[in-house]
Amino acid sequence: MQFEDLGLIPPILRALNDQNYKSPTTIQEKSIPLILKGEDILGNAQTGTGKTAAFAVPIIQHLVGEGHNPNGKRTISSLVITPTRELAIQIGESFTAYAKYTHVKNTVIFGGVSQGAQTNALKRGVDVLIATPGRLLDLMDQGYVSLRDVEYFVLDEADRMLDMGFIPQVKRIVRATPRREDRQTLLFSGTFTQDIINLSEQWTYEPIT
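Residues numbered from 1 in each chain as written. Predicted model: local features only at pLDDT ≥ 70, side-chain atom pairs only at ≥ 80, totals over all residues. Heavy atoms only, no water.

1. Quick notes on the overall build of the protein
Going by this rule: Put simply, DSSP marks the helices as runs of H or I at least four residues long and the strands as runs of E at least two long, and each gets a number from the N terminus on. Note on method: radius of gyration uses C-alpha positions; expected globular size equals 2.2 Å times residues raised to 0.38. Relative accessibility decides the category of a residue: with a 1.4 Å probe and only protein chains considered, values under 20% of the type maximum give buried, values over 50% give exposed, and everything between is partly exposed. Contact between two residues is taken to exist if any of their heavy atoms lie within 4.5 Å; hydrogens are not considered. Positive charge is attributed to Lys and Arg, negative charge to Asp and Glu, and no charge count is given to His or to the chain ends. The location of each charge is read from NZ of Lys, CZ of Arg, CG of Asp or CD of Glu.
Secondary structure summary: the protein contains 9 helices and 6 strands in total. In summary, the protein has a C-alpha radius of gyration of 16 Å against a globular reference of 17 Å for 209 residues, a match within 12%. Principal axes of the C-alpha set define a box for the protein whose edges measure 45 × 45 × 30 Å. Within the protein, buried positions represent 52% of all 209 residues. Within the protein, contacts between residues at least 6 apart in sequence are counted, and of these 73% link residues at least 24 apart. Separation between the mean location of the 21 positive side-chain charges and that of the 23 negative ones in the protein comes to 7 Å.

2. A short note on helix α1 (residues 10-18)
Selection rule: Note: the arc covers the axis-to-C-beta directions of the helix.
For α1, the set of buried residues is Ile12, Leu13, Ala15 and Leu16. The arc that holds every buried residue of α1, seen down its axis, measures 160 degrees, which confines them to one face. Where the residues of α1 are buried, they touch α3 (51-65) and α4 (85-98). Trailing α1 by a residue or two, asparagine 20 shows a phi angle of about 60 degrees, which is positive.

3. A closer look at the side chain of serine 200
The residue serine 200 is located in helix α9 (residues 194-203) in this model. Setting aside residues no more than four positions away along its own chain, serine 200 makes contact with Leu42 and Leu187.

4. Let's talk about the sheet that holds strand β5 (residues 152-155)
As a reminder of what qualifies: For two strands to be treated as a pair, DSSP must find at least two bridges joining them. Here, axes are lines fitted to C-alpha atoms. For helices the fit covers the stretch in contact, and angles between N-to-C directions go from 0 to 180 degrees.
The strand order across the open sheet formed by 6 strands is β1-β6-β5-β2-β4-β3, and the pairing between neighbours is parallel. Edge positions in the sheet fall to β1 (41-44) and β3 (106-109), since each has one partner strand and no second. On average, adjacent strands in this sheet sit at an angle of 15 degrees to one another, irrespective of strand direction. Both β5 and strand β6 (residues 184-189) contribute to a ladder of 4 bridges, which runs parallel. For phenylalanine 153, the partnering residue across the bridge sits in β6 and is threonine 185. Lying over the sheet, α4 contacts β2 (78-81), β3 and β4 (128-131), oriented at roughly 175 degrees with respect to β3.

5. Side note on the packing of helix α6 (residues 133-141) against helix α8 (residues 167-175)
Rules: To sort the angles, those under 35 degrees are grouped as roughly parallel, those over 145 as roughly antiparallel, those from 65 to 115 as roughly perpendicular, and the leftovers as oblique. By definition, turning the near helix anticlockwise from the far helix through less than a right angle yields a left-handed crossing, and turning it clockwise yields a right-handed one.
Axis separation between α6 and α8 bottoms out at 10 Å; the angle between their running directions is 45 degrees. Relative to α8, α6 is oriented oblique. In this structure, the crossing between α6 and α8 has a hand that is left-handed. Here Pro133, Gly134, Leu136, Leu137, Met140 and Asp141 of α6 lie close against α8, whose contacting residues are Gln169, Val170, Arg172 and Ile173.

6. Concerning the pattern of salt bridges
Counted only if it meets this: By convention in these notes, a salt bridge is any Lys or Arg side-chain nitrogen within 4 Å of a carboxyl oxygen on Asp or Glu.
For the coordinates displayed, the defined rule picks out 6 salt bridges. Among the ionic pairs, aspartate 156 bridges to lysine 51, the shortest N-O distance being 2.7 Å. Of this pair, aspartate 156 sits in the loop between β5 and α7 (158-163) while lysine 51 sits in helix α3, and the two are 105 residues apart along the sequence. Note on accessibility: aspartate 156 and lysine 51 belong to one class, buried. The partner of arginine 179 in a salt bridge is aspartate 182, and the shortest N-O contact between them spans 3.0 Å. One network of salt bridges, in which partners are shared, links Lys51, Asp156 and Glu157.

7. Things to note about the packing of helix α2 (residues 26-36) against α3
Taken N-terminus to C-terminus, the directions of α2 and α3 make an angle of 25 degrees; their axes are 8 Å apart at the nearest point. When the axes of α2 and α3 are compared, the pair comes out roughly parallel. Helix-helix and strand crossings are classified by hand; for α2 and α3 the assignment is right-handed. Across from Ile27, Gln28, Ser31, Ile32, Ile35 and Leu36 in α2, the residues of α3 making contact are Lys51, Ala53, Ala54, Phe55, Val57, Pro58, Gln61 and His62.

Spelled out as structure tokens, the structure:
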């Protein structure tokens, strides 16, 4: 199996080649075709298995296919929630690399730093927002972020979110997005406890595991 076999468009294949990606990992091979078809998924994947590309690549392809006007006002079409600033930064770097030959733009927001650069990026408009829960809620409360146009919602490291006590914040964030029937939800977790399964039932629509 090669990335060319997954139905990816040439600009993304070119970017993956720049990263020296040859063959997809298991989670990429299983997830990318399903996400391209619009399915909600529950992905069991540890850090380091290539799961960022498993959701970032098909999301970029969706956004390119929808013909977003690069010169028009960008709205947040995709939201990725992750528990730590380190993961958020890594995911942002990956989106930038995979979208290198497209017009898809992302930004990363997290706490512990001045919000000025983050709010300036949001004002300019982004297609993909990668965020930690606390800073996202803060900027939502200040009116810098609207999630009403989110079409693709990713919850990364769901088990760590639970362990770190972020679930109440994530619930608030999910309520600000469109209904689960009106968005594509991708939930990734290293383990699937009963608590995670219960949350996935609330947030996803007919998911494939």
